[in-house]
Amino acid sequence: MKNIYFFASLLFFMTLLSCSSVNVYSDFDKGTDFSKYKTYAFYKKGIDKVEISDLDKKRILRAIERELKAKGMVVSDNPDLLVNIFTKSREKIDIYNNNYYGWYPWYYGYGFGPGFGFGYTNVTSSTEGTLFIDLIDAGKKELAWQGIGVGILTNFKNIEKKEARINEFVSNIMLQYPPQPEASPN
C-alpha cells in the first residue's frame, strides 16, 4: 500500500514539474571553460536596441543581475562576460473543434448506435514571448552561451504579477547556466 502512495505522489510531482509555463533552451560553445568567468557587465549598445519598454528592460536586467550574483559573479568595468538580451513576440491562435461523430450510449437518445453530436468551435489567441539572454566572452567578442525562454505573455495590470512573470522567465533560463559538462560515454 505504501508503494502505491509513493508512486502516486511521485507521478503527481513529476506532472507538476513538467507543467512549467516557460520552455527553456540553451546553447553554448563546448570548448569554453565557464569556470573562468567571474565578472560581467551589461552590453548597453545591444540592450538599447531591444524593442520593449524601458521599465520591462530594467525588470529583466535586475532579474539577470540577481541570478548572476547568486552564482557568485560580480559587476565589473573590465568584465569577463558581456550580458545582452533580445526579445520577440508573436500572436498565437489556437482553434479547438469539439464536434463529436461516433457511437453514443443509450442515455443520449434512443438506444446505442452511430450518431453525431452538437459541438462548438473555440478560438483563443495569446501572445507568445521569447527572451534571449546572451553571454558574450568580452575578450574574444564571441557568444559563449545563449539561454532562450519561450512562454505565454499576459498583459498584467498588476505590476507585482508582471515582475513575477519576468522573474520566472529569467530564473528558468539562468538555471541552464553554467552548462553542466556531459558525461562521457563508456
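Keep in mind that what you see is a predicted model, and the values were worked out from it rather than measured. Within each chain, residue numbers correspond to sequence positions counted from 1 in written order. It should be noted that, the model being predicted, local features are given only for residues of pLDDT at least 70 and side-chain atom pairs only at 80 or more, the latter also being counted only at that level, while totals for whole chains, interfaces and linings use all residues. To get the side-chain values, take all heavy atoms of the structure and skip hydrogens and water.

J.: Can you walk me through the packing of aromatic side chains in this structure?
T.: Think of it this way: a Phe, Tyr or Trp ring, Trp meaning its six-membered ring, pairs with another when their centres are within 6.5 Å, and the plane angle makes it stacked under 30 degrees, edge-to-face over 60, tilted otherwise. The tally for this structure, following the rule as stated, stands at six aromatic pairs. On the basis of an interplanar angle of 80° and a centroid distance of 6.0 Å, the ring pair of phenylalanine 28 and phenylalanine 34 is categorised as edge-to-face. With relative accessibility at 10%, the residue phenylalanine 34 sits in the buried group. With centroids separated by 5.6 Å and ring planes inclined at 50°, the aromatic side chains of phenylalanine 86 and phenylalanine 132 adopt a geometry described as tilted. In this pair, phenylalanine 86 sits in strand 4 (residues 81–97) while phenylalanine 132 sits in strand 7 (residues 121–137), placing the two residues 46 residues apart along the sequence. For the exposure calls, accessible area comes from a 1.4 Å probe over protein chains only, and a residue counts as buried if that area is under 20% of its type's maximum, exposed if over 50%, partly exposed in between. By definition, any uninterrupted DSSP run of H or I lasting at least four residues is a helix, any uninterrupted run of E lasting at least two residues is a strand, and each is numbered from the N terminus.

J.: Please explain the pattern of salt bridges as it appears in this structure.
T.: A side chain of one charge can pair with a side chain of the opposite charge when the charged atoms of the two come close. Salt bridges are defined as contacts in which a side-chain nitrogen from Lys or Arg sits within 4 Å of a carboxyl oxygen from Asp or Glu. Using the criterion set out here, one finds eight salt bridges in the structure. Two residues, lysine 57 and aspartate 54, come together in a salt bridge whose shortest N-O distance is 3.8 Å. You can see lysine 57 and its partner aspartate 54 sitting in helix 3 (residues 54–70), three residues apart, about one turn around the helix. Looking at lysine 57, the relative accessible area reads 8%, which means it is buried.

J.: How should unusual backbone geometry be read in this particular structure?
T.: It is generally the case that most residues other than glycine have a negative phi and that most peptide bonds are trans. In the segment running from tyrosine 177 into proline 178, the intervening peptide bond is cis, with an omega of -10°. Take proline 178: it is sitting in the segment after helix 4 (159–174). You will see that lysine 141, though not glycine, has its phi angle at about 60°, which is positive. Position of lysine 141 relative to the elements: it lies in the loop between strand 7 and strand 8 (142–153).

J.: Hey, could you run me through empty space enclosed by the protein in this one?
T.: A water-sized probe, rolled over the atoms, reveals where empty space remains. A pocket, in this scheme, is an open set of points on a 1 Å grid over the protein atoms alone with protein on both sides within 12 Å along at least 5 of 7 lines, while a cavity is a set where a 1.4 Å probe fits but cannot get out; residues line either one if an atom lies within 4 Å of a point. Grid points are joined across faces, edges and corners, and a volume is the space filled by probe spheres set on the points. Throughout the structure, instances matching the rule amount to one cavity of 30 Å³ or more. The calculated volume of the largest cavity comes to roughly 40 Å³. With three residues, the top contributor of residues to the lining of the largest cavity is strand 8. Considering only residue class, the lining of the largest cavity consists of three nonpolar, one polar and four charged. Under the convention adopted here, Pro, Cys and the residues Ala, Val, Leu, Ile, Met, Phe, Trp and Tyr are nonpolar, Asp, Glu, Lys and Arg are charged, and Gly plus all remaining residues are polar.

J.: I tried to follow helix 3 on my own but got confused; where do I start?
T.: The α-helix advances 3.6 residues per turn, and as a result positions three or four apart in sequence lie on the same side. In this analysis, the expected span of each helix is defined as 1.5 Å times one less than the number of residues it contains. In a regular helix each residue adds 1.5 Å, so 17 residues correspond to 24 Å; helix 3 covers 24 Å between its end C-alpha atoms and thus fits that length. Every buried residue belonging to helix 3 is among Asp56, Lys57, Arg59, Ile60, Leu61, Ala63, Ile64 and Leu68, and all of these are buried. Here, residues are in contact when the closest pair of their heavy atoms is within 4.5 Å. Buried residues along helix 3 sit against strand 2 (39–42), helix 2 (44–48), strand 4, strand 7 and helix 4. A positive backbone phi angle near 90° is found at glycine 72, which sits one or two residues after helix 3.

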